[in-house]
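A closer look at the structure
These are the residues of each chain, in order.
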Amino acid sequence: MGLTIKGTGMYVPDVIADNDDFAKIVDTSDEWITTRTGIKTRHITNGELAFQMGAEAARMAIKDAGIEVEDVDMVLGTTVTADCLTPSMACLVAKEIGIEDAVCMDLNAACAGYVFALDIAQKYLECGDCKTVLIVSSEIVTRMVDYTDRSTCVLFGDGAAATVVTKGDGLYSSVIKSSPQGADKIFTKLPVPENPFKTGTADWGDERMNDAPTGFMQMQGNDVYKFATTAMPQAVEAAAEKAGISLEEIDLIIPHQANIRIVQTAMKRLKMPKEKCYVNIQDYGNISSACIPLGLCQLKEQGQLKKGDKICVVGFGAGLTYGAAIFEW
Ligand code: UT7
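Residues numbered from 1 in each chain as written. Predicted model: local features only at pLDDT ≥ 70, side-chain atom pairs only at ≥ 80, totals over all residues. Heavy atoms only, no water.

**Quick notes on the sheet that holds strand β5 (residues 103–107)**
If you walk across this open sheet you meet the five strands as β1-β7-β6-β4-β5, and the pairing is mixed. Two strands bound the open sheet, and with one partner strand each, they are β1 (2–11) and β5. The sheet shows a mean angle of 20° between the axes of neighbouring strands, direction not considered. Pairing between β1 and strand β7 (residues 158–168): nine bridges, direction antiparallel. (Pairing = 2+ DSSP bridges. Helix = DSSP H or I, 4+ residues; strand = E, 2+ residues; numbered from the N terminus. Axes fitted to C-alpha atoms, helices over the stretch in contact; angles between N-to-C directions.)

**Notes on the packing of helix α8 (residues 221–243) against helix α9 (residues 260–269)**
It is at 9 Å that the axes of α8 and α9 come closest, and there the two elements cross at 40°. If you check the angle between α8 and α9, you find them oblique. Where α8 crosses over α9, the two elements pack in a sense that is right-handed. Packed against α8, whose contacting residues are Tyr225, Ala228, Thr229, Thr230, Met232 and Pro233, the element α9 presents Arg261, Ile262, Val263, Thr265, Ala266 and Arg269 at the interface. (Parallel < 35°, antiparallel > 145°, perpendicular 65-115°, else oblique. Left-handed = near helix turned anticlockwise from the far one by under 90°. Contact = heavy atoms within 4.5 Å.)

**Remarks on the site of the ligand**
Neighbouring the ligand are 23 residues, the closest being Thr28, Arg36, Asn222, Asn259 and Asn286. One of the side-chain N or O atoms of Thr28 is found 2.6 Å from a nitrogen atom in the ligand. Separating a nitrogen atom of the ligand from a backbone N or O atom of Gly221 is a distance of 3.1 Å. When the ligand sits alone it has 950 Å² of accessible area, and the protein chains cover 73% of it. Looking at the shell around the ligand, the elements with two or more residues in it are α2 (30–37), α6 (150–153), α8 and α9. A per-class count over the shell around the ligand returns eleven nonpolar, eight polar and four charged. Shared between two domains, the shell around the ligand takes at least three residues from each, and those domains are domain 1 (2–168) and domain 2 (173–183 + 215–328). (Near = heavy atom within 4 Å. Polar contact = N/O pair within 3.5 Å; in protein donor to acceptor, adjacent residues only side chain to side chain. Areas by Shrake-Rupley, 256 points an atom, 1.4 Å probe, with all protein chains shown as cover. Nonpolar A, V, L, I, M, F, W, Y, C, P; charged D, E, K, R; others polar. Domains from an automatic or database assignment.)

**Things to note about the domain arrangement of the protein chain**
Structurally, the protein chain comprises domain 1 (2–168) and domain 2 (173–183 + 215–328). Here the C-alpha centroids of domain 1 and domain 2 sit 16 Å apart. Each partner contributes residues to the interface: domain 1 has 49 residues there, and domain 2 has 43 residues. Where domain 1 touches domain 2, the interface holds one salt bridge. Here Lys300 ties to Asp64 by a salt bridge, and the two come within 2.5 Å at their closest N and O atoms. Summed over the shared surface of domain 1 and domain 2, the result is 16 residue pairs in polar contact (both at pLDDT 80 or more). Per element, the largest residue contribution to the side of domain 1 that touches domain 2 is seven residues, and it comes from β1. (Salt bridge = Lys/Arg side-chain N within 4 Å of Asp/Glu carboxyl O.)

Dropping the structure here:
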């Protein structure tokens, strides 16, 4: 059983920071950021919360799908930067858009979150427990950005995208995976709770994690880079094999937008022409799990998706997680 992306929506904050803005706060340059990452600008929250951005994107997706809020029976939130530890962002989005009764939950698979959500949505649709899944991917990555660390602060932006997903007849396959031994390659620690009874000290079992400050993302960029350039092609190949199609039959790849060089290397390894790959990193930077659905929304709005197109979405992220899904438009 396939799936249909019935509607798409997106929301990005109005505040935009370009590379020259970053050159004023850390030792960097437009030249370095552009050539090493492909990023030119990123949108940054001006007070909007993740659930509010998600709700805006969700409203747009529901309207685009031509359905009513009442039709949604599952809300899957994907985020690593939710506004609350509890309740889930999905619950907050559902409350905001007026949903009375639906399964609401978040999943955290970092930047691969949207691919993981598609995999789960398809399974719920296939078993019949749900008929209409609203995937809301909303991230305020700047919430955990250290603006004194030039190696990470220039990379990330904020934004949200949503898709309404229902059953479909076309081709579908997805493969989701994790390499948890790389869990220390990207992480953001929460503070260890203080309480009147505590006498011990937390030990993360890892020197780097013990030493890291709380609240700010820590990343071993080179290791993540190497992982991504291997994991992305592997995931695409595995999804194509599962779907029973060749790589040539894929019409369009929408990859996670972390670094233009990662995307180009992955496409080269797949021996796929770069024209088949959608890139918007120059405008938004890395918005974690929102990158891929935002790309889908833009492509749909631009009328660039044709019925029957075989689309492959592929992502990787902290965890380390990775995966790809192939579906017919
Ligand atoms: O969504 C998943 C999350 N993350 C990622 O996907 C990130 C994956 N990794 C990457 O995209 C790249 O590794 C980075 C963009 C993070 C870094 O690029 P790189 O080409 O791997 O650079 P590097 O870390 O090897 O650093 C090269 C040099 C260093 O200087 P020295 O030690 O050679 O003097 C860095 O200090 O570039 C320096 N550098 C910068 N210079 C100017 C690092 N960041 C900056 C900067 N501006 N913003």
